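# Observations on the three-dimensional arrangement
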Amino acid sequence: MDPITSFFHMGGYGAYVWPSFVITLVVLGALFANSLSFLRAGETALKELQDEDVATEDEASDEA
Amino acid sequence: MLHRFANPTRFLRLSAALLPWTAGLTLILLIAGLFLALFGSPADYQQGETVRIMYVHVPAAWMALFCYSCMAGASAVGLIWKHPLADMAAKATAPIGTCFTFLALVTGSLWGKPMWGAWWVWDARLTSVLILFFLYLGYMALHNAFDDPTRGARSAAILALVGFVNVPIIKFSVDWWNTLHQPSSVVKAGGPAIHPSMLTPLLLMGLAFTTYYLWVLLLRLRAEIVAGKVRAVRLRRAHG
């Protein structure tokens with residue numbers, strides 16, 4: 001067996017070793033992505049609200 | 001000291017400075033840890049190549065307990081001093097701890113099948129970690145079960161504190177009961193019973209998971225603060 005095949009073979013335990021590492025990276029990556037989109041969604045919502053506030057203040061000053 | 005950093009505005013500034021450091025450290029430690037875990041460490045004389053599962057399983061289990069302890073500690077601070085940032089820290093920790101507990105269970109199962117011949121056994125260690133997983137889920141469900149966020153935070157904090165009794169049970173389950181799970185080999189009297197070639201990648205992965213926790217915690221805390229501001233603006237409009 002060449003070294004690369006034997007590396008992926010993991011002494012016959014490849015079917016247990018590789019999924020462990022892949023699942024770990026996928027779960028940690030997904031949690032990071034979820035946290036980032038949670039933050040971005042909040043920032044977008046806050047910005048929209050602040051822009052609306054500025055707009056209504058402008059209207060109020062126009063009326064005055 | 002605590003109050004200096006516990007102010008949300010000051011926290012936003014401090015966390016912005018810390019975020020790139022936690023991100024960079026996580027990636028460096030993770031790459032070094034994975035490299036040593038997969039290439040730079042030997043197979044076990046008894047368990048063969050399956051021992052490599054240890055490098056993700058053990059740090060994930062450490063973090064499952066560490067995150068729960070942080071969540072319970074922050075919950076206590078939130079309950080006693082009514083500090084909003086402490087409640088947010090507990091809330092932000094819960095999903096991270098849930099993921100680590102899930103990973104400990106799944107990778108443990110993937111290690112158990114070839115070594116014990118079973119995906120799952122109802123023994124003390126495995127069962128108490130499964131309970132930890134449900135405690136995290138219960139905490140998050142309770143936090144979101146109330147219209148008033150402060151009542152949700154209070155109820156969830158009490159659950160986190162009551163559930164903390166499970167943490168020492170998990171830690172000592174391998175000594176108190178006969179279990180299939182092996183006892184600790186790193187944190188034990190007389191020093192670690194594990195060769196440096198295996199201890200180094202294990203500790204690197206443990207550090208990588210710790211900085212990952214800090215990184216994602218800072219992100220989620222910032223997200224909680226922003227979400228709180230959005231809620232406050234909407235409430236002010238609804239009543240104004």
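For clarity, every value in this text was computed on a predicted model and none was experimentally measured.

## Re the packing of helix α5 (residues 124–143) of chain B against helix α7 (residues 166–176) of chain B
Residue and element names in this part refer to chain B. For the pair α5 and α7, interaxial distance at closest approach is 8 Å and the crossing angle is 160°. On the basis of their axis angle, the class for α5 and α7 is roughly antiparallel. Note that α5 runs across α7; the crossing there is left-handed. Along the contact surface, α5 presents Ala124, Arg125, Ser128, Val129, Ile131, Leu132 and Leu135, while α7 presents Asn166, Ile169, Ile170, Lys171, Ser173 and Val174. Among the residues making up the contact of α5 with α7, the classes are represented as eight nonpolar, three polar and two charged.

## Re the interface of chain A and chain B
Reports often express the size of an interface as the amount of accessible area lost when the parts come together. Contacts between the two partners involve 30 residues from chain A, matched on the other side by 39 residues from chain B. Summing the contributions of chain A and of chain B, the shared interface buries around 3,100 Å²; its carbon and sulfur component is 81%. Where chain A packs against chain B, one counts one salt bridge. Note that Glu52 of chain A and Arg237 of chain B form a salt bridge whose closest N and O atoms lie 2.7 Å from each other.

## Brief notes about the nonpolar core
One finds Met54, Tyr68, Met71, Ile96, Phe100, Phe209 and Leu221 of chain B to be the most contacted residues of the largest nonpolar core, which totals 81 residues. Among the secondary structure elements, those contributing two or more residues to this core are α2 (14–63) of chain A together with α2 (8–38), α3 (54–81), α4 (84–116), α5, α6 (149–163), α7 and α8 (196–239) of chain B. With 20 residues, the single largest contributor to this core is α8 of chain B. For Ile96 of chain B, the contacting residues outside a window of four places in its chain are Leu31 of chain A together with Cys67, Tyr213, Val216, Leu217 and Arg220 of chain B.

## Overview of the pattern of salt bridges
All names here are of chain B. Taken as a whole, this structure holds five salt bridges over all chains when the rule is applied. The shortest N-O distance in the salt bridge between Lys91 and Glu224 comes to 3.4 Å. Pair noted here: Lys91 is in helix α4 and Glu224 is in helix α8, with a separation of 133 residues, a long-range link.

## With respect to the packing of aromatic side chains
Counted by the stated rule, this structure contains 18 aromatic pairs over all chains. Look at Trp176 of chain B and Trp177 of chain B: their rings are 5.9 Å apart centre to centre, the planes differ by 75°, and that puts the pair in the edge-to-face class. Taken together through their ring pairs, the aromatic side chains of Phe7, Phe8, Trp18 and Phe21 of chain A together with Phe35 and Phe39 of chain B make up a single cluster. Positioned above the aromatic ring of Phe172 of chain B, the side-chain terminus of Lys171 of chain B is 5.7 Å from the ring centre.

## Observations concerning the layout of surface pockets
A water-sized probe rolled over the atoms picks out the places where empty space is left. All names here are of chain B. Each pocket or cavity is described by its volume, and for the largest pocket that value is around 870 Å³. Taken together, 35 residues line the largest pocket, and the ones lying closest to its centre are His57, Val58, Ala61, Arg125 and His181. Residue assignment for the lining of the largest pocket shows that the elements contributing at least two residues are α3, α4, α5 and α7. Classifying every residue of the lining of the largest pocket by side-chain character gives 23 nonpolar, ten polar and two charged.

## Side note on a negative patch on the surface
Residue and element names in this part refer to chain A. Negative charge collects at one region of the surface, where Glu57, Asp58, Glu59 and Asp62 lie side by side. Mapping Glu57 onto the fold places it in helix α2. Owing to a relative accessible area of 55%, Glu57 belongs among the exposed residues under this scheme.

## Here's the deal with α4 of chain B
All names here are of chain B. The first and last C-alpha atoms of α4 sit 46 Å apart over 33 residues, in line with the 48 Å expected at 1.5 Å per residue. In the structure, α4 departs most strongly from a straight axis at Ala94, where the bend amounts to approximately 25° and where the proline Pro95 lies between one and four residues downstream. Where α4 terminates, the next one or two residues include Gly117, which has phi positive at roughly 85°.

## Focus: the state of the cysteines
Residues and elements named next belong to chain B. Under the criterion given, the structure shown has zero disulfides over all chains. With no disulfide of its own, Cys70 lies 6.3 Å from the sulfur of Cys67, the closest cysteine sulfur. Left without a disulfide partner, Cys99 is nearest to the cysteine sulfur of Cys67, which lies 9.6 Å away. On the basis of relative accessible area, Cys99 is assigned to the buried category, the value being 18%.

## Quick notes on the side chain of Thr50 of chain B
For Thr50 of chain B, the location among the structural elements is in the loop between α2 and α3. For Thr50 of chain B, a relative accessible area of 0% translates into the label buried. Of note is the side chain of Thr50 of chain B, whose polar atom sits 2.6 Å from the backbone oxygen of Gln47 of chain B. Leaving out residues up to four positions away in the same chain, Thr50 of chain B has contacts with Tyr13 and Val17 of chain A together with Trp111, Pro114 and Met115 of chain B.

Quick notes on the rules
Residues numbered from 1 in each chain as written. Chains lettered and ligands numbered in written order. Predicted model: local features only at pLDDT ≥ 70, side-chain atom pairs only at ≥ 80, totals over all residues. Heavy atoms only, no water. Axes fitted to C-alpha atoms, helices over the stretch in contact; angles between N-to-C directions. Helix = DSSP H or I, 4+ residues; strand = E, 2+ residues; numbered from the N terminus. Parallel < 35°, antiparallel > 145°, perpendicular 65-115°, else oblique. Left-handed = near helix turned anticlockwise from the far one by under 90°. Contact = heavy atoms within 4.5 Å. Nonpolar A, V, L, I, M, F, W, Y, C, P; charged D, E, K, R; others polar. Buried area = accessible area lost by both parts, 1.4 Å probe. Salt bridge = Lys/Arg side-chain N within 4 Å of Asp/Glu carboxyl O. Core = buried A, V, L, I, M, F, W, Y, C linked by side-chain atoms within 4.5 Å. Buried < 20%, exposed > 50% of the residue type's maximum accessible area, 1.4 Å probe, protein only. Phe/Tyr/Trp six-rings, centres within 6.5 Å; stacked < 30°, edge-to-face > 60°. Lys NZ or Arg CZ within 6 Å of the ring centre and 35° of its normal. 1 Å grid on protein atoms, 1.4 Å probe; cavity = no way out; pocket = protein on both sides within 12 Å on 5 of 7 lines; lining within 4 Å. Points joined across faces, edges and corners; volume = space filled by probe spheres on them. Patch = residues over 30% accessible without salt bridge, like charges linked within 9 Å, V, L, I, M, F, W, Y side chains within 5 Å. Areas by Shrake-Rupley, 256 points an atom, 1.4 Å probe, with all protein chains shown as cover. Lys, Arg positive; Asp, Glu negative; His and termini not counted. Charge placed at Lys NZ, Arg CZ, Asp CG, Glu CD. Expected span 1.5 Å × (residues − 1). Bend = angle between axes of the 7 residues up to and from the residue. Disulfide = S-S within 2.5 Å. Polar contact = N/O pair within 3.5 Å; in protein donor to acceptor, adjacent residues only side chain to side chain.

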